[in-house]
Amino acid sequence: MPDVFISSDKETTPKTPPVLPTEDFQEEHKAKGMKHSHRSRFASFNLYPEHINFETRRDDEKIILMLRQHPVINLKWIFITAVLLFVPSVLIRFGLNNFLPSGYEFVFSLIWYLVTFTYALEGFLSWYFNVYFITTHRIIDVDFFNLIDKKVSDAEIEMIQDVSYTTKGVLGTALNYGDVIIQTASEVPEFDFGSVPSPDKVLKILNDLRMKTK
Amino acid sequence: MENIFTGGFNIWALIKILVSILLGMYILFAFVLTRQVKLMTRTLKLGFEAPVKFLAFIHLAFAILVFFTALTIL
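(A) Geometry of the packing of helix α3 (residues 104–129) of chain A against helix α1 (residues 11–43) of chain B. Relative to each other, α3(A) and α1(B) sit at 20 degrees, their axes nearing to 12 Å. When the axes of α3(A) and α1(B) are compared, the pair comes out roughly parallel. Considering the relative orientation of α3(A) and α1(B), their crossing is left-handed. On α1(B), the residues that touch Tyr104(A), Phe108(A), Ile111(A), Leu114(A), Val115(A), Thr118(A), Leu121(A), Leu125(A) and Phe129(A) of α3(A) are Trp12(B), Ala13(B), Ile15(B), Lys16(B), Val19(B), Leu23(B), Tyr26(B), Phe29(B), Leu33(B), Val37(B), Met40(B) and Thr41(B). Its residues assigned to classes, the contact of α3(A) with α1(B) shows 18 nonpolar, two polar and one charged.

Printed below as a string of structure tokens:
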């Protein structure tokens, strides 16, 4: 008697996350006008970066996009640092330091410059190390704040439930940067890619990835 | 009339001690910062590791310099 039902072999290997055909995806993005980034190390929008890596990257994982805040964000700390640098000179010029004994004036100026240096370093490092990755498998948010605190969160692409973006203010509209909010079903329910350039393109890439992983 | 500046108690000596303690703590902070930058550059390879580590090291060196200057001059 012929078999009515022949069961297929049971899958014994564990299910691995889908690996996207990155090259095809890359070609697709090129066709859409999104070019490969060959820009400086300080670029905020790096599509398919070649010389960028992170410690927890898996062997079969490729970085599609590396983002950080728009460079214009740095203007605030640069301006404040410039003002702070002139404070000791202004105090000396107007004689506001006359009550200090000899020697103290010099040391206090040095301390002031040390604090200013720390402030500038904090501004730069917070911007430089605050990065967001979109890879073939995951989204990763690396937060570096207060110089000694850091937080790294990630979520699988399949866990993304909703993506939206907002562009705020005159500068945000003029320079095309904004916040990309990603709702996920993972341990971290919401990812906020703050003040990133071209949020519309980020949204498009994330939506494309989600479609491909479905 | 005797005040704190002319009396036995010298406010500037107290300030010197406080400044020295604060600068000593600042050196510790600067050292922790260099460690943190080292960890971050190990976690993220963004192509600017050496200059960033150098900046953190310069910051530590500056903090040590200010500490010893304060000890010498004040």
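(B) Region of the structure containing the sheet that holds strand β9 (residues 190–197) of chain A. Residue and element names in this part refer to chain A. Reading across from one edge, β7-β8-β9 is the order of the three strands in this open sheet, with antiparallel pairing throughout. Looking along the sheet, the strands with just one partner apiece sit at the ends: β7 (160–166) and β9. Neighbouring strand axes in the sheet, compared pairwise and without regard to direction, differ in orientation by 15 degrees on average. Of the strands in this sheet, β7, β8 (177–184) and β9 touch helix α5 (residues 199–213), which is tilted by about 165 degrees from β7.

(C) A nonpolar patch on the surface, seen in detail. Residues and elements named next belong to chain A. Together, Leu85, Phe86, Val90, Leu91, Phe94 and Leu96 make up a nonpolar patch on the protein surface, roughly 610 Å² of accessible area in all. Residue position: Leu85 is located in helix α2 (residues 75–93). Looking at Leu85, the relative accessible area reads 40%, which means it is partly exposed.

Procedures and definitions
- Residues numbered from 1 in each chain as written.
- Chains lettered and ligands numbered in written order.
- Predicted model: local features only at pLDDT ≥ 70, side-chain atom pairs only at ≥ 80, totals over all residues.
- Heavy atoms only, no water.
- Axes fitted to C-alpha atoms, helices over the stretch in contact; angles between N-to-C directions.
- Helix = DSSP H or I, 4+ residues; strand = E, 2+ residues; numbered from the N terminus.
- Parallel < 35°, antiparallel > 145°, perpendicular 65-115°, else oblique.
- Left-handed = near helix turned anticlockwise from the far one by under 90°.
- Contact = heavy atoms within 4.5 Å.
- Nonpolar A, V, L, I, M, F, W, Y, C, P; charged D, E, K, R; others polar.
- Pairing = 2+ DSSP bridges.
- Patch = residues over 30% accessible without salt bridge, like charges linked within 9 Å, V, L, I, M, F, W, Y side chains within 5 Å.
- Areas by Shrake-Rupley, 256 points an atom, 1.4 Å probe, with all protein chains shown as cover.
- Salt bridge = Lys/Arg side-chain N within 4 Å of Asp/Glu carboxyl O.
- Buried < 20%, exposed > 50% of the residue type's maximum accessible area, 1.4 Å probe, protein only.

Shape descriptors only; they carry no functional weight alone.
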